[in-house]
Structures are given as structure tokens and as C-alpha cells.
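# Structural characterization, general
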Amino acid sequence: MNLHSDNVILRPFRESDAGRMAELANNEKIGRNLRDGFPYPYSLEDAARHIKRFQQFKSYFAIEYKGEYAGNISLTPLDNVYRKTAEIGYFLGEPYWNKGIMTTAVNIITKFGFNEMGLARIHTGVYEYNAASQKVLEKCGYIKEGVFRKNVFKEGRLWDEVRFAKINPDLEMLQNDQ
Ligand SMILES: CC(C)(COP(=O)(O)OP(=O)(O)OC[C@H]1O[C@@H](n2cnc3c(N)ncnc32)[C@H](O)[C@@H]1OP(=O)(O)O)[C@@H](O)C(=O)NCCC(=O)NCCS
């Protein structure tokens, strides 16, 4: 399924995205904000492996800006008693930063998560130094719920993690679902 707004399209991954994904993701400024499964340096093999895995999920998307692959965005549903919650994750290649693209992409996937996936809650943890990502989430109506102190070990030291979440505005409808 393709989801779109303005010049931003979320679409399923293609094997042919690997080359550009590897070029854009091979950037220390990106890797330092993501989990270690998204390493720096980032190789073509990393991109091909990730694409193969991402294609198994209906809520993992490539971001296209004006027809070009520009980054990734995903919702990963949790399980057990947390099964009405998903974690949001994303990155955008540096040439595309500060044009409002990720704000648009987060708004699109949040609507998809609530309306199509029936989620009650979408959340993520942002590393303390990632002001741009915190700004994106705030612009999309995510609320800062708290700080998980020294929860992240990255670049050889501990950092605080800031938890942001958004609740489905149609929550009442979901309360009685299985
Ligand atoms: C964080 C990221 C997704 C932002 O994408 P983007 O498309 O540039 O975001 P937007 O343009 O929609 O919004 C960015 C906002 O942050 C602000 N911003 C950018 N750099 C900033 C900084 N260093 N300090 C404070 N605010 C900053 C921008 O001014 C903008 O706010 P504004 O619209 O009020 O001016 C992108 O930089 C990225 O992929 N970074 C690396 C990976 C990453 O951090 N992933 C998220 C992990 S939680």
C-alpha cells in the first residue's frame, strides 16, 4: 500500500533501494541516533539485508520525496499485553533534512497506525542529544512522557533516553477489542 501527502510518499521497499539506502545511511550523524543494528559504517550488504527483513512487515516503508528514495519509517507492533502499542522508528538522508519531510512522514504513518492497524498508542525513545527528532515528534502531537535516565549506551558512554508517545484519539472504540 502507498500512503502519501504533499511530496512525500510512503511505499513498500524494493531491492533496488539498496544502493541509495547504503549511500544515505552511511553517515555518522544518522548512525549515532539509531540502534546498533543500524551501524556506521553502513554497507550495501547491510542495506540489502535490512530491505529483505523490512519487506516482511506491512508497516515498514521507504520514504520517497519528489519521486526519490530518501529514507525509512516503520511501526513495530509490540506483543502480549503491549499489543495495542507500536514503536515508531525513522531516518532521512542528510540532503533532505529540515524541509519538513519527516514531520509529514510521521503524521502519515501515525494515522495509518491508528486507523488501519487499530493501535492505541505509538511511542519511541529518543536519545537526549537528538533535538531534531524530538522536535519532529512534538510537531506531530507526540507528548514527552518522561526521561529514562542512562538507558542508552552509545559511543562508549551512557545517555538519557526521552520517551515520546501519542495516544489514538478514538481510543474509546478500542477499549473493548480483543
Ligand atoms: C531527525 C530527522 C528524522 C529529522 O527529519 P527532518 O525531515 O529534517 O525533520 P523536519 O524538517 O520535519 O523537522 C525538523 C525540526 O527540527 C529542527 N531542528 C533541526 N536540527 C535541530 C537542532 N540541532 N536542534 C534543534 N532543532 C533542530 C528543525 O528546525 C525543524 O523544526 P521547525 O520545523 O520548527 O523549524 C533527521 O534529521 C534524521 O533522520 N536524523 C538521523 C536519524 C534519526 O535521528 N532518527 C530518529 C531516531 S529517534
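In this report, we go over the structure that sits alongside the text. Since the structure is predicted, the reported quantities are computational estimates derived from the model, not experimental observations.

## Observations regarding the overall build of the protein
A count of helical and extended segments in the protein gives 6 helices and 8 strands. Counting from the amino terminus, the protein carries its helices and strands in the arrangement β-β-α-α-α-β-β-β-α-β-α-β-β-α. Over its C-alpha atoms the protein spans a radius of gyration of 16 Å, differing by no more than 12% from the 16 Å that the globule rule assigns to 178 residues. A buried classification covers 47% of the 178 residues belonging to the protein. Of all intrachain contacts in the protein linking residues separated by at least 6 positions in sequence, the fraction that spans at least 24 positions is 63%. In the form shown here, the protein has an accessible surface area of approximately 10,000 Å², with 49% of it arising from carbon and sulfur atoms.

## Looking at the environment of E15
One can find E15 in the loop between β2 (8-11) and α1 (18-25). Residue classification places E15 among the exposed residues on the basis of a relative accessible area of 59%. Residues E15 and I51 lie 36 residues apart in sequence; the distance between their C-alpha atoms is 6.7 Å. In contact with E15, not counting residues within four places along its chain, are I51 and Q55.

## What about the side chain of N168?
Turning to its location among the elements, N168 is positioned in the loop between β8 (157-167) and α6 (171-174). There is a polar contact of 2.9 Å between the side chain of N168 and the backbone oxygen of L119.

## Observations regarding the packing of α1 against helix α3 (residues 44-54)
When two helices pack together, you describe them by how their axes are tilted relative to each other and by the distance separating the axes. Contact pair α1 / α3: the axes reach a minimum separation of 8 Å and the direction vectors enclose 120°. Overall, the two elements α1 and α3 adopt an arrangement that is oblique. Considering the relative orientation of α1 and α3, their crossing is right-handed. Along the contact surface, α1 presents A18, G19, M21 and A22, while α3 presents L44, A47, A48 and I51. In the contact of α1 with α3, the residues fall into 7 nonpolar, 1 polar and no charged.

The rules we used
Residues numbered from 1 in each chain as written. Predicted model: local features only at pLDDT ≥ 70, side-chain atom pairs only at ≥ 80, totals over all residues. Heavy atoms only, no water. Helix = DSSP H or I, 4+ residues; strand = E, 2+ residues; numbered from the N terminus. Rg over C-alpha atoms; globule rule 2.2 N^0.38 Å. Buried < 20%, exposed > 50% of the residue type's maximum accessible area, 1.4 Å probe, protein only. Contact = heavy atoms within 4.5 Å. Areas by Shrake-Rupley, 256 points an atom, 1.4 Å probe, with all protein chains shown as cover. Polar contact = N/O pair within 3.5 Å; in protein donor to acceptor, adjacent residues only side chain to side chain. Axes fitted to C-alpha atoms, helices over the stretch in contact; angles between N-to-C directions. Parallel < 35°, antiparallel > 145°, perpendicular 65-115°, else oblique. Left-handed = near helix turned anticlockwise from the far one by under 90°. Nonpolar A, V, L, I, M, F, W, Y, C, P; charged D, E, K, R; others polar.

All we've got here are geometric facts, nothing functional implied.
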